[in-house]
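Summary of the model geometry
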Amino acid sequence: MSLLLSPVKVGPFTLANRVVMAPLTRGRAGTNRLANEYMREYYELRASAGLIITEGVAISPQGYGWYATPGLYNAEQRDSWKPVTEAVHKRGGKIFLQLWHMGRQSHSSFHNGNAIVAPSAIKVPGDGTVRDAEQNAVPYETPRALETEEIPGVVQDYANCAALAKEAGFDGVEIHGANGYLIDEFLQSATNQRTDRYGGPKENRFNFLKEIVEEVGKVFPYDQIGVRVSPNGVYGGMGSADNFEAFTYYAEQLNKYGLAYLHLMDSTGFGFHNLDKQVTVFDVKKRFDGPVISNIGHTKDSAEGVIRSGAADLVAFGRLYLSNPDLVERFQNNWPVAEGAPYPDWYGRTPDAKDSLDGYLTHRPYVPPAESK
């Protein structure tokens, strides 16, 4: 019997299987930052996943920074998400919203020329580029360090977004603490050179995430809140020499809350910084008693293996879900799994989502030969 396809308890929910649809930035919300009918169909097609985690959703105007991605910080945006959650629930699925602040990976053009923010005034290293509000590839900017007295307001933005998510019908939320975005910038010593209570030793660097978890915990029960981290990756110019010590400590601290899960990007599919030893799901499982999600580069067989090992309880699939909306059914029936979608299909690049449907809604469920007549 497949453990990957067996039920699992996550918080108050018994999920139908251990397959998680990973959060995937798709850029199909258009420039109005609203969920739309195309996004409703996209998520509905994938509702057989044990759990869907949405694409990153901006918690505030300050947190925004990726063209045509959705936001959730006002009533209009809240209402635009309701058809999405209703469609997923009608198919028996569960869906969490991912809370996202881009930090130093945003660009001032999204903010009327105002500086982007981060824990410290350290820009993404190297000569890489970011896309501005006109989709031009431009150099990364040096962010403005958040003042100590500003930070409680940012923490509250996370909680406000969670409250709107609850009103929109989401089953829970995932706090995005990975991939070099704002929370990750606070957690890592390479990007956090503060001297206040939010910087310095790992205990202080954890305070920002700690306060977010506790404020969001006033909206959703803790067992309907997940956290995502990426101690190994280089995306966004990340990587710190003390990451093993820091992130195993963070897992121990998060364990105190009884969270829905800890979502670990544990492989090196986004590159490996080579500054410290890799943090694996085995390391996290020793320190975190709740469900652990393993992510990056899994196949059906590797997912089955990591669950059978006891190191993870669920496995998230990302790129396979781009081209296989019915991934669970393909696994269940040993149907062919389509190759990953080509890179041009990943992101929308148009002001109106209807002009970016190729590669978004063109990947359809598998039709067995006997049913194709």
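Refer to the preceding data block for the structure.
What counts and what doesn't
Residues numbered from 1 in each chain as written. Predicted model: local features only at pLDDT ≥ 70, side-chain atom pairs only at ≥ 80, totals over all residues. Heavy atoms only, no water. Pairing = 2+ DSSP bridges. Helix = DSSP H or I, 4+ residues; strand = E, 2+ residues; numbered from the N terminus. Axes fitted to C-alpha atoms, helices over the stretch in contact; angles between N-to-C directions. Contact = heavy atoms within 4.5 Å. Salt bridge = Lys/Arg side-chain N within 4 Å of Asp/Glu carboxyl O. Core = buried A, V, L, I, M, F, W, Y, C linked by side-chain atoms within 4.5 Å. Buried < 20%, exposed > 50% of the residue type's maximum accessible area, 1.4 Å probe, protein only. Phe/Tyr/Trp six-rings, centres within 6.5 Å; stacked < 30°, edge-to-face > 60°. Expected span 1.5 Å × (residues − 1). Bend = angle between axes of the 7 residues up to and from the residue. Polar contact = N/O pair within 3.5 Å; in protein donor to acceptor, adjacent residues only side chain to side chain. Parallel < 35°, antiparallel > 145°, perpendicular 65-115°, else oblique. Left-handed = near helix turned anticlockwise from the far one by under 90°. Nonpolar A, V, L, I, M, F, W, Y, C, P; charged D, E, K, R; others polar. Right-handed = clockwise from strand over helix to strand, strands pointing away.

Here we take up the sheet that holds strand β11 (residues 225–229). Pairing between the strands of a sheet is mediated by backbone hydrogen bonds and can be parallel or antiparallel. Taken in spatial order, the 8 strands of this closed barrel run β3-β4-β5-β10-β11-β12-β13-β14, and their pairing is parallel. Taking each pair of neighbouring strands and ignoring which way they run, the sheet shows an average axis angle of 25°. Helix α3 (residues 151–167) contacts β4 (51–58), β5 (95–100) and β10 (172–177) of the sheet and is inclined by roughly 155° relative to β5.

Bringing the pattern of salt bridges into the picture now. A complete count under the given rule lists 18 salt bridges for this structure. A salt bridge links Asp79 to Lys82; its shortest N-O distance comes to 3.3 Å. Linking Asp79 with Lys82, this pair stays in helix α2 (residues 75–90), spanning 3 residues, or about one helical turn. A salt bridge links Arg144 to Glu150, with the shortest nitrogen-to-oxygen separation between them at 2.8 Å.

What follows concerns the nonpolar core. Within the largest apolar cluster, 91 residues are counted, with the highest numbers of intra-cluster contacts made by Trp81, Leu97, Leu99, Tyr158, Ile175 and Phe208. A total of 8 residues in this core trace back to one element, the largest contributor, which is α3. Residues in contact with Leu99, not counting those within four places in the same chain, are Val57, Ile59, Tyr158, Cys161, Ala162, Val173, Glu174, Ile175, His176 and Val216. Formed by 14 residues, the second largest nonpolar core is a distinct cluster that contains Ala22, Leu51, Ile53 and Ile293.

Across all of its chains, the model carries 23 aromatic pairs by this definition. Taken together, a centroid distance of 5.0 Å and an interplanar angle of 75° make the contact between Tyr42 and Tyr43 edge-to-face. Taking the centre distance of 6.3 Å and the plane angle of 80° together, the rings of Tyr158 and Phe208 count as edge-to-face. Of this pair, Tyr158 sits in helix α3 while Phe208 sits in helix α6 (residues 207–216); the two residues are 50 residues apart in sequence, bridging distant segments of the chain.

Our focus in this paragraph is α2. Taking 1.5 Å as the rise per residue, α2 with 16 residues should run 22 Å; its terminal C-alpha atoms sit 23 Å apart, in good agreement. Of all the bends found along α2, the most pronounced is centred on Trp81 and spans about 25°, while Pro83, a proline, follows it within four residues. For α2, the secondary structure elements touched by its buried residues are α1 (37–45), β4, β5 and α3. Residue Asn74 occupies the N-cap position of α2, its side-chain oxygen lying 3.2 Å from the main-chain nitrogen of Glu76.

Let us now look at unusual backbone geometry. The residue Asn112 is not glycine, and still its phi comes out positive at about 55°. Take Asn112: it is sitting in the loop between β5 and β6 (117–118). Asn112 sits in the exposed class, given a relative accessible area of 78%. The phi dihedral of Asn334 is positive, around 55°, even though this residue is not glycine.

In the contact formed by α1 and α2, the axes pass within 9 Å of each other and the chain directions differ by 20°. In terms of orientation, α1 lies roughly parallel with respect to α2. The hand of the α1/α2 crossing is right-handed. On the side of α1, the interface is formed by Met39, Arg40, Tyr43 and Glu44, while α2 contributes Trp81, Pro83, Val84, Ala87 and Val88. Considering only residue class, the contact of α1 with α2 consists of 7 nonpolar, no polar and 2 charged.

Below, the discussion takes up the pairing of β5. Counting buried residues along β5, 6 of its 6 residues qualify, which places the element largely inside the surrounding structure. Side-chain alternation along β5 places Ile95, Leu97 and Leu99 on one buried face and Phe96, Gln98 and Trp100 on a second face that is also buried. Following the backbone out of β4, through α2 and into the adjacent parallel β5, one traces a crossover that is right-handed. Where β5 and β10 come together, 4 bridges link them in parallel fashion. For Phe96, the partnering residue across the bridge sits in β10 and is Gly172.

All right, on to the side chain of Ser240 then. As for its position among the elements, Ser240 is in the loop between β11 and α7 (243–254). Side chain to side chain, Ser240 and Gln188 meet in a polar contact 3.0 Å long. Apart from residues no more than four positions distant in its own chain, Ser240 is found in contact with Gln188, Ser189, Ala190, His273, Leu275 and Asp276.

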